[in-house]
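A closer look at the structure
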Amino acid sequence: MSDQEMINVDNITFTYPDGHEVLKGLSCKVYKGEKVALIGPNGAGKSTLMSHLNGVQLASEGRVLIDGVEVNKESLKDIRRRVGIVFQDPDDQLFCPTVFDDVAFGPLNLGLPRDEIELRVDEALKVVGLEGFKERSSFHLSFGERKRLALATVLSYQPEILVFDEPSTNMDPLNRRKLIKWLKESDKTILLCTHDLDIALEVCDRCLMLTDGKIIAEGPTQKMLYDRSFLEENKLELPLALMTHELLHGILHTQDMDDVHRDIISKFLHAHRHAHGPDGHEHVHLHVHGHGHEHLHEHPDDEHFHSHDEHTHDHDGHVGVPHSHENNDGHHHHGDHDHDHDHDHDHDHDHDHDHDHDHDHDEKHEHSQDDVEHKSP
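Notes on the structure follow. For every chain, the first residue of the written sequence is number 1, and numbering continues from 1 onward in sequence order. For this predicted model, a pLDDT threshold of at least 70 governs which residues receive local features, and a threshold of 80 or more governs which side-chain atom pairs are given and counted, while totals over whole chains, interfaces and linings are taken from all residues. Excluding hydrogens and water, the side-chain figures rest on all heavy atoms present in the structure.

As a further point, take the sheet that holds strand β4 (residues 61-66). Should DSSP find at least two bridges between two strands, the strands are taken to pair. Put simply, DSSP marks the helices as runs of H or I at least four residues long and the strands as runs of E at least two long, and each gets a number from the N terminus on. One open sheet holds the four strands; their spatial order is β2-β1-β4-β5, and the pairing between them is antiparallel. Sheet topology places β2 (21-31) and β5 (69-70) at the edges, where each strand pairs with a single neighbour. Pairing of strand β1 (residues 5-15) with β2, which is carried by eight bridges, proceeds in the antiparallel orientation. Bridge pairing links N8 to K29 in β2. Note on definitions: a residue-residue contact is assigned when non-hydrogen atoms from the two residues lie within 4.5 Å. Throughout, an axis means a line fitted to C-alpha atoms (over the contacting stretch in the case of helices), and angles, computed between N-to-C directions, take values from 0 to 180 degrees. The strands touched by helix α1 (residues 46-53) within the sheet are β1, β2 and β4, with β1 carrying the most contacts at an inclination of about 120°.

This is the structure in structure tokens:
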């Protein structure tokens, strides 16, 4: 990760004209190329913080720096070229008669030549899956299409930093998956303000928890979003993927079912992703377990984050696996990653347990919050 600070929010406060204080000494940093999730309950101040990043609102106290440039009235033109914000409601940023005009608005204001503007419009519409829509009226598109168009209007002027407010809201599953793929592949600095913790888990390496106008904790996404107690204390829930994982574990180990259904659930829960070689190509490696892992968990009810940093495996790039804990029987079970690949690979492993396959990685599970920084009130 680069040590270049693209966003530096330094102890800002903000109070609306009616006297309501929203931001209360908030500080955070986002570095070049990072993908960071900003999460928190409704009313925490996420949208207000977003509006400070391109000068829509200016802090009452403290300061915001974008790539070293302080956000103030004198720097607004420069700041808004560097920071692109995609709002939750696309109608907040669509106002031209045609799709082409909306997407061309940013490049046109940059003074670019006509051929460059047309090229950027075509590229942006292709990214969001709206090729062939240039002559359509923006106001006659569906909400999901307008949502994608709003993203295209920002991409066309090529800002260095992208800030998203609930990017996946009202997107159909296919276009949501396309958005996730684009976000993961983008080399932009990205801040996702979202309640969709599944997209945060898949896209972002780091999380900021904003509650009551302050960042109360920050750390690796896989540590923060695996902690049910921590999330519920802040009026959030586990990502749906992890909730599904826990539910299926409970069904697998507590309910009677035929072998076919048991095998289906086992395969789902034990799909491991492996990366091999210098190009990091990936494939699915399924492990079918006919029973639960008999690891006793000494503190099933304690709050903790999981650390998968000490997993060892014959293949570089082994990805840590989600876990659930069955509080009623004390068993410590293993979870899943479900990425598809069309290459077949054979693996020969050894494992300490009696499984239906040979497996060769000793998994060490730490219950640690070392990488998660909790802020003092």
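Here we come to the packing of helix α3 (residues 99-109) against helix α5 (residues 143-155). In the contact formed by α3 and α5, the axes pass within 7 Å of each other and the chain directions differ by 35°. Side by side, α3 and α5 meet where V99, D102 and V103 of the first sit next to L149, A152 and T153 of the second. Under the convention adopted here, Pro, Cys and the residues Ala, Val, Leu, Ile, Met, Phe, Trp and Tyr are nonpolar, Asp, Glu, Lys and Arg are charged, and Gly plus all remaining residues are polar. Residues that form the contact of α3 with α5 fall into these classes: four nonpolar, one polar and one charged.

The next thing to look at is the pattern of salt bridges. By convention in these notes, a salt bridge is any Lys or Arg side-chain nitrogen within 4 Å of a carboxyl oxygen on Asp or Glu. Applying the stated criterion to the full structure yields 16 salt bridges. Of the charged contacts, one joins D67 and R82 as a salt bridge, the two residues approaching to 3.1 Å between their closest N and O atoms. Remark: R82 occurs in helix α2 (residues 76-82) and D67 occurs in the loop between β4 and β5; sequence separation between them is 15 residues. Among the charged side chains, a network of salt bridges with common partners joins E34, R206 and E218.

Attention now moves to the state of the cysteines. Only a pair of cysteine sulfur atoms within 2.5 Å qualifies as a disulfide here. In the structure shown here, the tally under the stated rule is zero disulfides. As a non-bridged cysteine, C204 has C207 as the owner of its nearest cysteine sulfur, 6.5 Å distant.

On to the nonpolar core, then. One recurring pattern in soluble globular proteins: nonpolar side chains tend to sit buried together. With 49 residues, the main nonpolar core has I39, F164, L183 and L231 as its most contacted residues. For this core, the leading source of residues is α5, giving six residues. When near neighbours in sequence (up to four residues on either side) are disregarded, F164 contacts M50, V86, L151, W182, L183, I190, L191, L192 and C193. Core analysis: the next-biggest nonpolar cluster, separate from the first, contains 30 residues, F14, L26, V163 and I215 among them. Nine residue types can take part in a nonpolar core, namely buried Ala, Val, Leu, Ile, Met, Phe, Trp, Tyr and Cys, and a core is a set of them joined through side-chain atoms within 4.5 Å. Categorising residues by exposure relies on relative accessible area from a 1.4 Å probe, with only protein chains included: less than 20% of the type maximum marks a residue as buried, more than 50% marks it as exposed, and the intermediate range marks it as partly exposed.

In this structure, V69 sits in strand β5. Expressed as a C-alpha distance, the spacing of V69 and I7, which sit 62 residues apart in the sequence, is 9.5 Å. Apart from the residues within four sequence positions on either side, V69 is in contact with V64, S75, D78, I79 and R82.

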